[in-house]
Amino acid sequence: AGYKKYFSDLAQISDKFDSQENCVLLLATDECTDEPLGTIRLLRSDCGQTEIEDFLPVRKMLDAPYENFVEATRLSVPHHELSTSIKFALKKTYYHYCLANGFNTLLLWVRYPAVREYRAWHFFDINGGSGVFSHPTLGGNEHRAMICDIRRAVENWQAEGNPYLPFLIDESYTNLRFD
């Protein structure tokens, strides 16, 4: 449902990245009904190609400390009364997946309206803003590639007194997991 505006046929939603060894799909479901509520796809750079590499020479653009990353793509949360909470839970699980697997760098690409939101999460533009591209299968919209250094972001959130920090770093939520 989250991709109806881009794809007329459900078969178009799946692509070559979904079946790669480096792909992890996170699915948010309703605890009572098991109904899907949202999803995000993670692609590890250490054991396969990431989607952004179809558009940018990202491995050449990233400085050494950021060369191993987990790319998040296809965040899709259809309109629902809990959409904001579902997105937050998926982002938290993405963060914990990276930590559990030894990654310090989060990478994603977003359309311009979402840039401000991710800057508040301490994501910054790749290579001084040169990571902008148009995605042909997502309406040809311009996307901006951004990364987040987890350690630096947590330090910034602590310094700011970010009220969401305890939720984000607390690992005791048993219903947020990746198997």
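The notes below deal with the structure included here.

The rules behind these values
- Residues numbered from 1 in each chain as written.
- Predicted model: local features only at pLDDT ≥ 70, side-chain atom pairs only at ≥ 80, totals over all residues.
- Heavy atoms only, no water.
- Phe/Tyr/Trp six-rings, centres within 6.5 Å; stacked < 30°, edge-to-face > 60°.
- Helix = DSSP H or I, 4+ residues; strand = E, 2+ residues; numbered from the N terminus.
- Buried < 20%, exposed > 50% of the residue type's maximum accessible area, 1.4 Å probe, protein only.
- Contact = heavy atoms within 4.5 Å.
- Pairing = 2+ DSSP bridges.
- Salt bridge = Lys/Arg side-chain N within 4 Å of Asp/Glu carboxyl O.

Within a pair of aromatic rings, the relevant descriptors are the distance that separates the centres and the angle that separates the planes. Taken as a whole and judged by the stated rule, the model has 8 aromatic pairs. The interplanar angle of 10 degrees and the centroid separation of 4.8 Å between the aromatic rings of F55 and F133 together place this pair among those described as stacked. On the criterion of sequence distance, the pair formed by F55 in the loop between β2 (36–44) and α1 (58–61) and F133 in strand β6 (residues 132–134) is long-range, its members being 78 residues apart. In this structure F55 comes out as partly exposed when scored by relative accessible area, which is 26%. A ring pair is formed by W121 and W157, whose centres lie 6.0 Å apart and whose planes are at 90 degrees; its orientation type is edge-to-face. Of this pair, W121 sits in the loop between α3 (112–120) and β5 (124–125) while W157 sits in helix α4 (residues 150–160); the two residues are 36 residues apart in sequence, bridging distant segments of the chain.

Once that is clear, we can look at the side chain of K91. Note that K91 resides in helix α2 (residues 83–100). Sequence-distant contacts of K91, defined by excluding residues within four places in its chain, comprise L75, E117, Y118 and W121.

We now examine the pairing of strand β1 (residues 23–29). Sheet topology places β1 next to β2; 7 bridges connect them, and they run antiparallel. Note on β2: the bridge partner recorded for C23 is L43. Between the end of β1 and the start of β2, which pair antiparallel, lie 6 residues, with D34 showing a positive phi angle near 65 degrees.

All chains considered together, the criterion is met by 10 salt bridges. Between D15 and R74 there is a salt bridge; the shortest N-O distance is 3.0 Å. Of this pair, D15 sits in the segment before β1 while R74 sits in strand β3 (residues 69–76), placing them 59 residues apart in sequence. The class of R74 is buried, set by a relative accessible area of 14%. As a salt-bridge pair, D46 and R44 come within 2.7 Å of each other at their nearest N and O atoms. A relative accessible area of 41% means that D46 is categorised as partly exposed. Owing to a relative accessible area of 16%, R44 belongs among the buried residues under this scheme.

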